Amino acid sequence: MFRFLSSSSSLPKSNPLRNDSTTTSNLQFCRIIFSFLRNPLSHEHAHGFHPQLSDPLFSITEAPIARRFFQSGYLLGSSNCIRAKSNIGRLVGSGQVRSFSSDYSGSSNRESIEYDAVIVGAGPAGLSAAIRLKQLCRENGVDLSVCVVEKAAEVGAHALSGNVFEPRALDELFPEWKQDEAPISIPVSADKFLFLTKNRAFSLPSPFDNKGNYVISLSQLVRWLGKKAEELGVEIYPGFAASEILYNTDHEVVGIATNDVGIAKGGERKETFQRGVELKGRVTLFAEGCRGSLSEKIIRKYNLREKVQSQHQTYALGIKEVWEIDDSKHQPGLVLHTVGWPLDHKTYGGSFVYHMKDRMVSIGLVVALNYQNPYLNPYEEFQKLKHHPAIKSMLEGGNVLQYGARTLNEGGFQSIPYPVFPGGAIIGCSAGFINVPKIKGTHTAMKSGMLAAETAFCVLHEGLKMEIYWDKLRNSWIWEELYRARNYRPAFEYGLFPGLAICALERYLLREKSPWTLKHGKPDHESTDGANLHAPIDYPKSDGVISFDVPTSLYRSNTNHEHDQPVHLRLKDPRIPELVNLPIFAGPESRYCPARVYEYIPDDGGQLKLQINAQNCLHCKACDIKDPKQNIEWTVPEGGGGPNYSVM
C-alpha cells in the first residue's frame, strides 16, 4: 500500500510576511474584546481596557497604543500593540479590523469580519488587485479595507509556473519595480525551439518573441507582491481556505467563509475543532487560479458562460522540476521549448527548459488534458522526456531542488466567461486569460486584477456598477492579445502536424488577422477513449538519477496535509470507479494524477477498490477536470495544507 511520508519540517503557522517573530491574531483579540462589549461596560472602561501583563494570552509591547480601542468596533494599530500567543485564534493580519461580529444565536455560529473588499487567492491576480485598490485609495485620499485570504501555508507556497515573465502589467503596477528589488533579474538571453524525435532534435524557427522578458520564479515574485501589498495596508491571511460562498437574500455574493478545522476523518470534532470565519465584503473578487473551486460554482450558478456564449474551458497539466546543474552547463536566460516526443502526434503538449539564476534550471512538460489514450501517464511522460539526449546531458551531474504540478487554462479567447456576478467578479486564471501560444498568463492575470480593482474602487467610492469591469477588459490589451492568439490552440484538434501548419499560416501569412475563429473540440473529460481502443504503455523504471518515482518527487514538493481530516477529494457516486472507470477506462485516475493520490487496491476478496491518498494532493485539480464522468469534486482541505513551493 502506497503511503507518502512528507518532509519532517513542519509547515509555518505564522504569517510569513510579518517582520516580528510572534504573530498577531486580530481574530483572537476581537473575540476577547467582543466578550467585553456584550457586557455593560462604561465608555471609560472601554477606553481604558487593556490585558494584564500576567495574562498568558497577551504581552504588551506599546501600552499607550494598546488603549486605542473604540466602542465603534474599530481597532487601531493592533498589529503594533498586541501579540496574541493563543493557538485558538488563527486569523493573522497586519492592518485594521473594520468590523467584527459574532452571531451565536444564528445557525452558522461563526464569527464575521467585514471589509470593503474581500479577495480569494494571494496569487498574481489577487495581489495585483489588492495593491491597485490600495494605490487608488492613496491617490484619492480614501480609506477602504482590503482582505486577501490564501489557502497555502504562506504566500507563494502554491504558486507554480514556467515562468518566462512578461513585465508589461508590472510596469503599470510598479513602474519602479527594478529599484524596489523585485526578484526579476535574469533577462531572456536566447530563444530556441526544437522538434524532438526519440533520439534526435531538429531546430525550428522560434515563434516566441521573448525580448524584454525575464526568467523568474513565480513563487518568489508572489512573495514580493505580498510584501508590497502589506506595505500598502492590505490584510493577508495565509493558511485559511475559502470553502463557502456567502449570499444575501437577493442571491448576491457578500463574501466567503473559511472551512471548519479540527474535524477528524470520520467527521467527529477533535479537541482542536474551530469554526470557520465569515469574511464579508461589499465587493468579492475570486482569484483562485485555474479551476478555482468557488469560481466554478459562481460560473455555474450565474450561467456566466451562457451569458456571453463562451465555449467550455480546456486545460493542460504542467509538471515541473527545478534543478541545480553544473556551472559549465548553465546559460542564464536561455529559453528552450520543444514539441513532439515523448507525446504521440494526437496529443497536444510540449516541454520547456528555462535557465534561471544561481545555476538553477526549470524543466517541465505540459500535456493537454483532452488526450485520448487512457493509458497515458503525464508524470511518466515527463520522466521519459528527461532522458532525451538533448536534455539528459544538461541534467547529468545535477540534482533536483523541487517538484510540483498544476493545471492551466488553454481555452483562451473562446472560453472567457462573463466575469461579473452580483457582488463581485472573477479574475486571473479563475476566468482564464492565459495566452497559449506565448505560454504566458501571469501578465494577463495581473492586469485583470488591476482592472477589477479599478472597477471595485468606482463601485465602493462612486457607487458605479461592477459590470464596468467587463467593458474595461474588452477595451484592454488583454482582449486584443487573446483575440489575436485565439486560433493557435484549437488548431491542434487536428493533430500535431496539421496544427503546426495552421499555426504557421496564422502567424506568418495572415499575421494573426484571420477572419475566422476556430472552435475547441470536446471537453477534456469526454475526450478519453475506452481502454479497448488502446494498448497499455510500458514506461521504463526510473533510474533515481535523471528520472524518479512519485514518492521521491512528492518529498521534493514539501507536500503536507493534516492526515486526520475528511477527504477533500469527494466522489459524487462512490460506485463509479469500480463500475465505470476501472472496467471501461482501465482506471485512468491512477495515471493522470501526478501525485499518486488515486490507487486501485485489492480488497480481502481480491476485488480492486479505489483508494484515495488525499494527503499526497498537490492541488493541481487534474482529477476535477479529467475524470470521465466528472465524478470527482476537488474541495479545499484544511488551510495550510498542500505543497510548499519556494522556487517554482
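Residues numbered from 1 in each chain as written. Predicted model: local features only at pLDDT ≥ 70, side-chain atom pairs only at ≥ 80, totals over all residues. Heavy atoms only, no water.

Chemist: Got a minute to help me understand the sheet that holds strand S10 (residues 214-215) in this structure?
Modeler: The strands making up a sheet are joined through hydrogen bonds of the backbone, oriented either antiparallel or parallel. An order of S6-S10-S7 is seen for the three strands of this open sheet, with the pairing classed as antiparallel. Strands at the two margins of the open sheet, each flanked by one partner only, are strand S6 (164-165) and strand S7 (186-187). (Pairing = 2+ DSSP bridges. Helix = DSSP H or I, 4+ residues; strand = E, 2+ residues; numbered from the N terminus.)

Chemist: What is the right way to look at the environment of lysine 513 in this model?
Modeler: When you line up the elements, lysine 513 lands in the loop between helix H16 (496-509) and helix H17 (550-556). A C-alpha to C-alpha distance of 9.4 Å links lysine 513 and alanine 485, two positions 28 residues apart in sequence.

Chemist: I tried to follow helix H10 (residues 378-385) on my own but got confused; where do I start?
Modeler: Among the eight residues of H10, six are classified as buried, and the element is accordingly described as predominantly covered. All of the buried residues in H10 are Pro378, Tyr379, Glu381, Phe382, Gln383 and Leu385. (Buried < 20%, exposed > 50% of the residue type's maximum accessible area, 1.4 Å probe, protein only.)

Chemist: How should the packing of aromatic side chains be read in this particular structure?
Modeler: One pair of aromatic rings is described through two measures. These are the centre distance and the angle between the planes. Inspection of every chain in the model, using the stated rule, returns 15 aromatic pairs. Pairing phenylalanine 413 with tryptophan 479 gives two aromatic rings, centres 5.0 Å apart and planes at 70°, and the pair type is edge-to-face. Of this pair, phenylalanine 413 sits in the loop between strand S21 (399-409) and strand S22 (420-421) while tryptophan 479 sits in helix H14 (residues 477-484), placing them 66 residues apart in sequence. Accessibility assignment for this pair places phenylalanine 413 and tryptophan 479 in one class, buried. On the numbers, 5.3 Å between centres and 85° between planes, the contact of tryptophan 470 with tryptophan 479 is edge-to-face. Owing to a relative accessible area of 19%, tryptophan 479 belongs among the buried residues under this scheme. Over the aromatic face of tyrosine 302 sits the side chain of lysine 301, whose NZ or CZ is 5.8 Å from the ring centroid. (Phe/Tyr/Trp six-rings, centres within 6.5 Å; stacked < 30°, edge-to-face > 60°. Lys NZ or Arg CZ within 6 Å of the ring centre and 35° of its normal.)

Chemist: Would you take a moment to explain the side chain of histidine 388 for this structure?
Modeler: Of note, histidine 388 is situated in the loop between H10 and helix H11 (389-395). Here histidine 388 falls in the buried class, since its relative accessible area comes to 1%. Polar contacts involving the side chain of histidine 388 include one to the main-chain carbonyl oxygen of arginine 200, which spans 3.0 Å. Apart from residues lying up to four places away in sequence, histidine 388 is in contact with Leu196, Thr197, Lys198, Asn199, Arg200, Ala201 and Trp341. (Polar contact = N/O pair within 3.5 Å; in protein donor to acceptor, adjacent residues only side chain to side chain. Contact = heavy atoms within 4.5 Å.)

Chemist: Is there a simple way to explain the pairing of strand S8 (residues 190-196) in this structure?
Modeler: Working note: regular strand, side chains alternate between the two faces of the sheet. Judged from the seven bridges that link them, S8 and strand S18 (residues 334-340) form a sheet pairing that is parallel. Within S18, the residue paired with leucine 194 across the bridge is threonine 338. Where S8 and strand S9 (residues 201-203) come together, three bridges link them in antiparallel fashion. Bridge pairing in S9 places leucine 196 opposite alanine 201. Between S8 and S9, which pair antiparallel one after the other, the connecting turn spans four residues.

Chemist: Just to check I follow, could you spell out the confidence of the model for the protein for this structure?
Modeler: Low pLDDT means the predicted coordinates in that region are not meant to be read closely. On average, residues of the protein score 87 in pLDDT, and 83% of them reach the 70 mark or higher. Low pLDDT (under 50) marks residues 92-97, which in the prediction has 33 contacts with non-local residues, meaning those over four places away or in another chain. Note that pLDDT drops below 50 for residues 102-107; the model gives that stretch nine contacts with residues more than four away or on any other chain. (pLDDT = per-residue confidence, 0-100.)

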